[in-house]
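Working through the structure, step by step
Each chain, written out:
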Amino acid sequence: MKVIVVGNGRVGKTSLVRRFATGKYDEGYKQTIGVAFTEKEKYIEECKQAVTFHLWDTAGQEEFAEMTKQYYRGAKGCVLAFSTTDRDSFEAIPTWNEKVKRECDENMCKILIQNKYDLRDKSVVTDEEADKLAADLGLKFYRSSVKNGDMVEDIFDYLAGQYYKQQETVIESVKARKAENKNEEPDFESPFSLAELEKRQEENRKKRKKECCT
Ligand SMILES: Nc1nc2c(ncn2[C@@H]2O[C@H](COP(=O)(O)OP(=O)(O)OP(=O)(O)O)[C@@H](O)[C@H]2O)c(=O)[nH]1
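The model shown is predicted, which means the values in this text are computed figures rather than measured ones.

Thoughts on the nonpolar core
By size, the foremost hydrophobic cluster in this structure holds 29 residues, and its most contacted members are Leu16, Phe53, Val79 and Phe156. Every element with two or more residues in this core is listed here: strand E1 (2–6), helix H1 (13–22), strand E3 (49–58), strand E4 (77–83), strand E5 (109–115) and helix H6 (152–180). Broken down by element, this core gets its largest block of residues, 9 residues, from H6. With 23 residues, the next largest nonpolar core counts Tyr72, Leu80, Phe90 and Met108 among its residues.

Have a look at this one:
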C-alpha cells in the first residue's frame with residue numbers, strides 16, 4: 001500500500017515514518033530533501049493479513065512542491081500532518097488537501113493528524129478548531145505524539161483498514177466481470193489477493209447474518 005505523508009516543514013513527517021518503521025525517535029532535525037522512501041510490513045488485524053506499506057515522506061518546503069507532487073501518483077493512502085505548535089502548518093492543511101486531491105484518486109484513504117500533541121500546553125491551535133477542520137474536510141482525525149509514540153500505529157492501522165474495506169466493495173464487480181469472460185484477467189489492483197478478500201467478505205456476511213438473527 002503506497003502511503004504519502006504531507007504537510008508543512010518540521011511538523012514531524014520524517015519522525016512519524018521513522019517511528020513507525022523502526023520504533024526509533026530522534027530529537028534532532030534534518031530537513032527532508034525532496035522525498036524519502038521507507039518500506040514497512042505490518043500485520044493489520046482489520047485485514048487479517050500483513051500489509052507492506054510503501055511510505056513516501058515528502059519535504060514540506062515550497063521549493064520542493066513541484067518535485068514531491070510527482071510522487072503522489074498511485075498512492076492509496078495519505079497522512080496530512082500539522083503541528084500543535086505551528087499555526088501556519090494548521091492553516092496550510094486545506095491547501096495540502098487540495099494538492100493531494102488534484103494528483104490522486106478521489107477515493108484515496110486520508111487521515112489528518114495533529115502531531116506534537118505532547119506540547120499541547122504550548123498549543124497555538126484549539127482542540128475545537130482542529131476538530132472543526134477535520135469535520136469540514138470530512139477527514140478522520142487523530143492527535144499524535146511521535147515523540148511519545150502515541151497514535152503512531154493507529155494511523156497506519158486506520159489507513160490499511162479503510163483501504164481494505166474499499167477493496168471489499170470492488171469484489172462484486174470483479175466477480176461479475178470474471179463470470180462474463182472466464183479467461184479475462186481482472187483489471188484489479190490491490191495489495192490483497194482476491195481469494196483473501198472473498199474469504200473475508202464471506203466471514204463478514206456470516207457475522208452480519210448471525211447478528212441479525214440473535
Ligand atoms: N515534541 C515533539 N517533537 C517532535 C514530534 N515529532 C517530531 N518532532 C520534532 O520536530 C522536528 C521536526 O521533525 P521532522 O520529522 O524532521 O519534520 P518534517 O515534517 O519531516 O520536516 P521537513 O523535512 O522539513 O518536511 C524534529 O526535531 C523532531 O524531533 C513530536 O511528536 N513531539
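Anyway, onward from the coordinates.
Quick look at the site of the ligand
In the neighbourhood of the ligand, 25 residues make up the surrounding shell, with Lys13, Ser15, Asp26, Glu27 and Tyr29 lying closest. Separating an oxygen atom of the ligand from a backbone N or O atom of Thr32 is a distance of 2.8 Å. Between a nitrogen atom of the ligand and a side-chain N or O atom of Asp118, the distance comes to 2.8 Å. Expressed as a share of its isolated accessible area of 660 Å², the protein-covered part of the ligand is 94%. Its atoms largely coinciding with the cavity grid, the ligand occupies the largest pocket. Considering every element that reaches the shell around the ligand, the biggest residue donor is H1, with 3 residues. Split into classes, the residues belonging to the shell around the ligand amount to 6 nonpolar, 12 polar and 7 charged.

Let's talk about unusual backbone geometry
When glycine is set aside, most residues are seen to have a negative phi, and most peptide bonds are trans. Not every positive phi belongs to a glycine, and Lys48 is a case in point at roughly 55°. Within the chain, Met151 stands out as a residue other than glycine whose phi angle is a positive 70°. Structurally, Met151 can be placed in the loop between strand E6 (140–143) and H6.

Digging into the sheet that holds E3
In space, the 6 strands of this open sheet follow the order E2-E3-E1-E4-E5-E6, with mixed pairing throughout. Strands with a single pairing partner mark the edges of an open sheet, and in this sheet they are strand E2 (35–44) and E6. When strand polarity is set aside, the average angle formed by the axes of neighbouring strands in this sheet is 25°. Taken together, the 4 bridges between E5 and E6 define a ladder with parallel strand orientation. By the bridge assignment for E6, Ile113 is matched with Tyr142. The strands that H1 touches are E1, E2, E3, E4 and E5; relative to E3, the one it contacts most, it runs at about 155°. Sitting on the sheet, helix H4 (residues 93–103) touches E1, E4 and E5, and the angle it makes with E4 is about 165°.

A few points about the layout of surface pockets
Volume-wise, the largest pocket comes out at about 540 Å³. Looking at the largest pocket, it is lined by 26 residues, and the ones nearest its centre are Gly12, Ser15, Asp26, Gly28 and Tyr29. Taken together, the residues of the lining of the largest pocket break down into 6 nonpolar, 11 polar and 9 charged.

Examining the pattern of salt bridges
Counted according to the given criterion, the structure contains 13 salt bridges. Note that Lys42 and Glu153 form a salt bridge whose closest N and O atoms lie 2.9 Å from each other. Of this pair, Lys42 sits in strand E2 while Glu153 is found in helix H6, placing the two residues 111 residues apart along the sequence. Among the salt bridges present, the one from Glu62 reaches Lys99, with a minimum N-O distance of 3.9 Å. Of the two residues, Glu62 sits in the loop between E3 and helix H2 (65–68) while Lys99 sits in helix H4, which places them 37 residues apart along the sequence. For Glu62, a relative accessible area of 61% corresponds to the exposed category. On the basis of relative accessible area, Lys99 is assigned to the buried category, the value being 18%.

Cut-off values and rules
Residues numbered from 1 in each chain as written. Predicted model: local features only at pLDDT ≥ 70, side-chain atom pairs only at ≥ 80, totals over all residues. Heavy atoms only, no water. Core = buried A, V, L, I, M, F, W, Y, C linked by side-chain atoms within 4.5 Å. Buried < 20%, exposed > 50% of the residue type's maximum accessible area, 1.4 Å probe, protein only. Helix = DSSP H or I, 4+ residues; strand = E, 2+ residues; numbered from the N terminus. Near = heavy atom within 4 Å. Polar contact = N/O pair within 3.5 Å; in protein donor to acceptor, adjacent residues only side chain to side chain. Areas by Shrake-Rupley, 256 points an atom, 1.4 Å probe, with all protein chains shown as cover. 1 Å grid on protein atoms, 1.4 Å probe; cavity = no way out; pocket = protein on both sides within 12 Å on 5 of 7 lines; lining within 4 Å. Sits in = over half its atoms within 2 Å of the grid points. Nonpolar A, V, L, I, M, F, W, Y, C, P; charged D, E, K, R; others polar. Pairing = 2+ DSSP bridges. Axes fitted to C-alpha atoms, helices over the stretch in contact; angles between N-to-C directions. Contact = heavy atoms within 4.5 Å. Points joined across faces, edges and corners; volume = space filled by probe spheres on them. Salt bridge = Lys/Arg side-chain N within 4 Å of Asp/Glu carboxyl O.

Taken by themselves, the reported measurements are silent on function.
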